[in-house]
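Understanding the architecture of this molecule
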Amino acid sequence: MRRFTSRIAAGLAAALIATLAVTIPASPAAAVETLKVPDTGLVFYQAYTQIIVGRQATPDGICRPVPAEAIWAIGWNGFGSVSGYRTSDCTGAASELNNFHSWPYEGYYLSYRAG
């Protein structure tokens, strides 16, 4: 009887572990990309941290959304002009976000164009 009970307990434990492995997502911290010096491209960072929330490898002049969590950016190389806009379609007054630039809160800039 003990052997039978042990087998049932082992089977239930294995089923529980398999269920948890499938239903619990992997830790997001394992996939987080953080500040590296030097880096390349235009990189957007999260507020008060060095966590990367967006990246553009090369300038292309296309209007793109600023990552919602971004509060600062660094143009590491190859970016002569980065214009930030308070609208979602790169219209209106532009602010230069060249080299290193931060802004007061998330969502301050909604779009940008890098040339």
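Residues numbered from 1 in each chain as written. Predicted model: local features only at pLDDT ≥ 70, side-chain atom pairs only at ≥ 80, totals over all residues. Heavy atoms only, no water.

1. Overview of the sheet that holds strand β1 (residues 42–46)
Test applied: Any two strands with at least two DSSP-identified bridges between them are counted as paired. Where helices and strands are cited, they refer to DSSP runs of H or I of at least four residues and of E of at least two residues respectively, numbered from the N terminus. An axis is simply a line fitted to the C-alpha atoms; with a helix, the fit covers only the stretch in contact. Between two such axes, the angle follows the N-to-C directions and lies from 0 to 180 degrees.
Across the sheet, four strands lie side by side as β2-β1-β4-β7; this open sheet has antiparallel pairing. Each of the sheet's edge strands pairs with one partner strand only, and the pair in question is β2 (52–56) and β7 (100–102). Between one strand and the next, the sheet's axes are offset by a mean angle of 15°, whatever the strand orientation. By the bridge criterion, five bridges tie β1 to strand β4 (residues 70–75) in an arrangement that is antiparallel. If you follow L42 over to β4, its bridge partner there is G75.

2. Quick word on the pairing of β2
Here β1 runs beside β2; their pairing, made up of four bridges, is antiparallel. Its bridge partner lying in β2, F44 is registered against G54. Where β1 hands over to β2, the hairpin turn is made up of five residues, of which Y48 adopts a positive phi near 55°.

3. As for unusual backbone geometry
Among all residues save glycine, negative phi is the norm, and among peptide bonds the norm is trans. Quick note on the threshold: We call a residue buried when its accessible area falls under 20% of the maximum for its residue type, exposed when it is over 50%, and partly exposed in between, using a 1.4 Å probe and counting protein chains only.
In this structure, P38 follows V37 across a cis peptide bond, with omega equal to -5°. Within the fold, P38 resides in the loop between α1 (2–23) and β1. Positive phi is not limited to glycine here, since C90 has a value of about 60°. Within the element layout of this structure, C90 appears in the loop between β5 (82–85) and β6 (94–96). Judged by relative accessible area, which is 8%, C90 ranks as buried. Phi is positive for N99, close to 55°, though the residue is something other than glycine.

4. Details of the pattern of salt bridges
Condition: Throughout this description, the term salt bridge denotes a Lys or Arg side-chain nitrogen within 4 Å of a carboxyl oxygen of Asp or Glu.
The tally for this structure, following the rule as stated, stands at four salt bridges. For K36, the salt bridge is made with D39, and the minimal N-O distance between the two is 4.0 Å. Take K36: its relative accessible area is 41%, and that puts it in the partly exposed class. Residue D39 is classed as buried on the basis of its relative accessible area of 7%. Residues joined by salt bridges that share partners form a network here, namely E33, K36, D39 and R55.

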